[in-house]
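What follows is each chain in one-letter form.
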Amino acid sequence: MSMKTTMPLVALYCGSRAGNKPVYREQAILLAQQLAQNNLGVVYGGASIGLMGQVADTVLAHGGEVVGVIPAFLLQNEIAHATLTELYVVDTMHERKAMMAERASAFVALPGGLGTFEEILEVATWGQLAQHSKPIVLFNVQNYYQGLIDQLAHAVNEGFLSPEHCAKVVVCQTVEEVMQAIQLATQQPGSLQTEHV
């Protein structure tokens, strides 16, 4: 695998759809711009559609690097992005998620569906099991994630999740908060190589 990227990468989990409200797209674009302007690249699911495609296009347009990882069976549905810095076509979702997690210095969930929920909760689980200590962020655009946030609090109250592990999932309401949450991890030299999920 020959890597062309030179920037620390942030894993962005987000929908292959754009959602019903313009604010989801607007906030995804703002976050993508901020990442690129702060010399941060993105690793994501490799699609050219929905919020996924919008994020990739925006980061590239602002001089950032983008790594896409897409399973071969999704190529028809999600339509692989043609102009990424690096694109990997893998066999399974497990390979996709493992490669994204290994390349990322931080994890951010924008609004999305089942895949997005599953991906951010999986890296949160890996954090709970001490497999990494990278930032895990829920970008709660217009309270999109309020139901999940309430469920996590309920799990704590019912004794299934420790407050310490729940606190590893940082809830952010604004692009500025997201940037603050990931900034420390992505500024450390060698942060891409030091930990492997």
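Structure: see above.
Residues numbered from 1 in each chain as written. Predicted model: local features only at pLDDT ≥ 70, side-chain atom pairs only at ≥ 80, totals over all residues. Heavy atoms only, no water.

Trainee: What is the right way to read the pairing of strand β6 (residues 136-139) from this model?
Mentor: Looking along a regular strand, one sees the side chains alternate between the two faces of the sheet. Neither face of β6 is left uncovered, since the one carrying Ile136 and Leu138 and the one carrying Val137 and Phe139 both have all their residues buried. Note that strand β5 (residues 104-109) and β6 share 3 bridges and pair parallel. The residue bridging phenylalanine 107 from the neighbouring strand is isoleucine 136, located in β6. For the crossover that starts at β5, traverses helix α5 (residues 114-128) and ends in the parallel β6, the hand is right-handed. When β6 meets strand β7 (residues 169-172), the two strands line up parallel, connected through 4 bridges. (Buried < 20%, exposed > 50% of the residue type's maximum accessible area, 1.4 Å probe, protein only. Helix = DSSP H or I, 4+ residues; strand = E, 2+ residues; numbered from the N terminus. Pairing = 2+ DSSP bridges. Right-handed = clockwise from strand over helix to strand, strands pointing away.)

Trainee: Help me understand the sheet that holds β5 in this model?
Mentor: By way of backbone hydrogen bonds, the strands of a sheet pair with one another, either parallel or antiparallel. Spatially, β4-β3-β2-β1-β5-β6-β7 is the arrangement adopted by the 7 strands of the open sheet, whose pairing is parallel. If you trace the sheet from one side to the other, it starts and ends with β4 (86-90) and β7, each paired once. Neighbour to neighbour, the strand axes of the sheet diverge by 25 degrees on average, direction disregarded. Of the pairings in the sheet, the one linking strand β2 (residues 41-44) to strand β3 (residues 66-71) comprises 3 bridges and is parallel in character. From the neighbouring strand, tyrosine 44 faces β3, where its bridge partner is glycine 68. Sheet strands touched by helix α4 (residues 93-103): β1 (9-13), β2, β3, β4 and β5. Its angle to β3, the strand with the most contacts, is close to 160 degrees. (Axes fitted to C-alpha atoms, helices over the stretch in contact; angles between N-to-C directions. Contact = heavy atoms within 4.5 Å.)

Trainee: So what exactly am I meant to see when it comes to the packing of aromatic side chains here?
Mentor: To describe a pair of aromatic rings, you give the distance between the ring centres and the angle between the ring planes. The full count for this structure, using the stated rule, is 4 aromatic pairs. For the pair phenylalanine 117 and tyrosine 145, a centre-to-centre distance of 6.2 Å together with 75 degrees between the ring planes defines the contact as edge-to-face. With phenylalanine 117 in helix α5 and tyrosine 145 in the loop between β6 and α6 (146-157), the pair connects residues that are 28 residues apart, well separated along the chain. Residue classification places phenylalanine 117 among the partly exposed positions, given a relative accessible area of 30%. Every member of this aromatic cluster is reached through a ring pair, and the members are Tyr24, Phe117, Tyr144 and Tyr145. (Phe/Tyr/Trp six-rings, centres within 6.5 Å; stacked < 30°, edge-to-face > 60°.)

Trainee: Which parts of the structure should I look at to understand a nonpolar patch on the surface?
Mentor: There is a patch of nonpolar side chains on the surface, built from Leu114, Phe117, Leu121 and Tyr144 and spanning about 370 Å² of accessible area. Within the secondary structure layout, leucine 121 lies in helix α5. (Patch = residues over 30% accessible without salt bridge, like charges linked within 9 Å, V, L, I, M, F, W, Y side chains within 5 Å. Areas by Shrake-Rupley, 256 points an atom, 1.4 Å probe, with all protein chains shown as cover. Salt bridge = Lys/Arg side-chain N within 4 Å of Asp/Glu carboxyl O.)

Trainee: Is there a simple way to think about the packing of helix α1 (residues 22-37) against helix α2 (residues 50-61) in this case?
Mentor: Each packed pair of helices is defined by two parameters, the angle between the axes and the distance between the axes. Where α1 contacts α2, the two axes come as close as 8 Å, and the packing angle between them is 35 degrees. Between α1 and α2 lies a crossing whose hand is right-handed. Here Tyr24, Arg25, Ala28, Ile29, Ala32, Gln33 and Ala36 of α1 lie close against α2, whose contacting residues are Leu51, Gln54, Val55, Thr58 and Val59. Looking at the contact of α1 with α2 residue by residue, the classes come out as 8 nonpolar, 3 polar and 1 charged. (Left-handed = near helix turned anticlockwise from the far one by under 90°. Nonpolar A, V, L, I, M, F, W, Y, C, P; charged D, E, K, R; others polar.)

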